[in-house]
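# Structural overview for review
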Amino acid sequence: MSPTVLLFRTPTPAAEGPDRFISALEAHSYHAFSVPVLEHAFVNVEALVAVIRNGPEERYAGVIVTSGRASEGWRDAAEALLSHAPAISTSWQHTPFYVVGARTADHLVPPSKSTIHFYPASENILGAAESGNAEKLGQFIIQDAQRRESTNLPLLYLTGDKSRDTIRTILDKASIPTQLLQVYETRTSSTLAEDIRKAADATPKQDRASEPRSVTQPSRTWLVFFAPSSAKPALLILDRLYELPILESNPELSQELPEARIAAIGPTTASYLSGEHRPTCLRVDVTSPSPTPEALATAIRGFDAS
């Protein structure tokens, strides 16, 4: 029976086509399910609308966008500005936008010709291919800044309420100023416990620990985390449903709960799981080398095949 993978992330909207993470895992014969952990709400919308309206000239050397939610906030603000002030001629076309991941970059593609001046030109959406996490993006920005004309203007950094200071710390050390603007906030989904239990119940019965097992039996359920902010509330529930792996030596496995393996989409999430989550730190079995569906699926398959 094929192993199960639970992805603790917001599923890709149906209008955007097949979920690439689900498809990549199914291509490796896994049963994959997405479990939304957080609910998002946009904040400081008027402030972001004003930023877009005023333009980057003499204000910003570039924009940092590290999540799909932040880029969605930019898109919503651009649409709001267009509906209220269609004659605005401000242009962001020549401004570098530094992004993490393909999905974040995709949301910065203008949805129509009427809003094209509120977005960067495609050649100015930078870092998506080269940087898979905040640390790599910070280093990429430093390298890119070295080949540009020196300026004292800050980089506008669009954040959420759970964003970490990784990039800002790296850039501060390189004397590159940033200006933060929180554009969204997150909270735990009101249906999280129910959604996790439904996903666990969908696990094929052979994957559940209905019979005694040995420590050499391969795990049949993977739990994949995409951010510390979503891992924390999910783990509070998963603790009661799965035997989670820990860093300490091999404790006697529970005969009542199914064993789970843990994967992280990148080093920041892996560090949180293995070092900050709780007194008994978790063992992260796989850290994806990049935050792409193919890289994650290949890493999990490689671990199971080893």
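Just so it is clear, the structure is predicted and the values come from calculations on it, not from any experiment. (Residues numbered from 1 in each chain as written. Predicted model: local features only at pLDDT ≥ 70, side-chain atom pairs only at ≥ 80, totals over all residues. Heavy atoms only, no water.)

### Structural notes on the overall build of the protein
Stated precisely, the cut-off is as follows: Numbering of helices and strands runs from the N terminus; a helix is a DSSP stretch of H or I covering at least four residues, while a strand is a stretch of E covering at least two. Exposure categories follow from relative accessible area, calculated using a 1.4 Å probe and restricted to protein chains: below 20% of the type maximum is buried, above 50% is exposed, and the middle band is partly exposed. Residue-level accessible areas treat just the shown protein chains as cover; the underlying method is Shrake-Rupley with a 1.4 Å probe.
Looking only at helices and strands, the protein has ten helices and eleven strands in total. Residues counted as buried form 47% of the 306 residues belonging to the protein. In the structure as shown, the protein presents an accessible area of about 14800 Å², 51% of it carried by carbon and sulfur atoms.

### Brief notes about the side chain of Thr178
Formally: Side-chain atoms alone can form a polar contact between residues adjacent in sequence; in general such a contact is a pair of N or O atoms within 3.5 Å, and within protein one must be able to donate a hydrogen while the other accepts it. Residue contacts are defined here by distance: any two heavy atoms, one from each residue, within 4.5 Å place the two residues in contact.
Mapping Thr178 onto the fold places it in strand β8 (residues 178-188). Judged by relative accessible area, Thr178 falls into the buried class, the value being 14%. Among the polar contacts listed, one links the side chain of Thr178 to the side chain of Arg168, at a separation of 3.3 Å. Contacts of Thr178, omitting those with residues within four sequence positions, involve Ile64, Pro154, Leu155, Arg168 and Leu171.

### Some words on unusual backbone geometry
Here the phi dihedral of Asn44 falls at roughly 55°; this positive angle occurs in a residue that is not glycine. Of note, the phi angle at Glu58 is positive, near 60°, even though the residue is not glycine. Examined against the element boundaries, Glu58 turns out to sit in the loop between α2 (45-54) and β4 (62-65). Its relative accessible area of 71% is what places Glu58 among the exposed residues.

### Some thoughts on the nonpolar core
Note the following rule: Take the buried residues of types Ala, Val, Leu, Ile, Met, Phe, Trp, Tyr and Cys, join any two whose side-chain atoms come within 4.5 Å, and each joined set is a nonpolar core.
The biggest cluster of nonpolar side chains holds 27 residues, and the ones touching the most others in it are Phe8, Ile196, Leu223, Phe225, Leu238, Tyr242 and Leu273. The set of elements that each furnish at least two residues to this core consists of β1 (4-8), α7 (192-201), β9 (221-225), α8 (228-238), β10 (260-264) and α9 (267-275). Per-element accounting of this core gives the leading share, five residues, to α8. Ile196 has contacts with Phe8, Val35, Ala234, Ile237, Leu238 and Leu241, leaving out every residue within four places of it along the chain. Counting residues in hydrophobic clusters, the runner-up holds 26 residues, among them Val63, Phe97, Leu181 and Val183.

### A few points about the packing of aromatic side chains
Aromatic rings in a pair are described by how distant their centres are and how their planes are angled relative to each other. Rules: Any two of the Phe, Tyr and Trp rings considered here, Trp counted by its six-membered ring, make a pair once their centres fall within 6.5 Å; the pair's planes then place it as stacked at under 30 degrees, edge-to-face at over 60, or tilted in between. As a reminder, the over-ring test applies to NZ of lysine and CZ of arginine, requiring each to be within 6 Å of the ring centre and within 35 degrees of the ring normal.
Within this structure, the stated rule accounts for eight aromatic pairs. Ring plane angle 75° and centroid distance 6.2 Å describe the contact between Trp92 and Phe97, whose orientation is recorded as edge-to-face. Taken individually, Trp92 and Phe97 each receive the classification buried, so the pair is uniform in this respect. When the ring centre of Phe226 is taken as origin, the NZ or CZ atom of Arg9, which lies over that ring, is 5.7 Å away.

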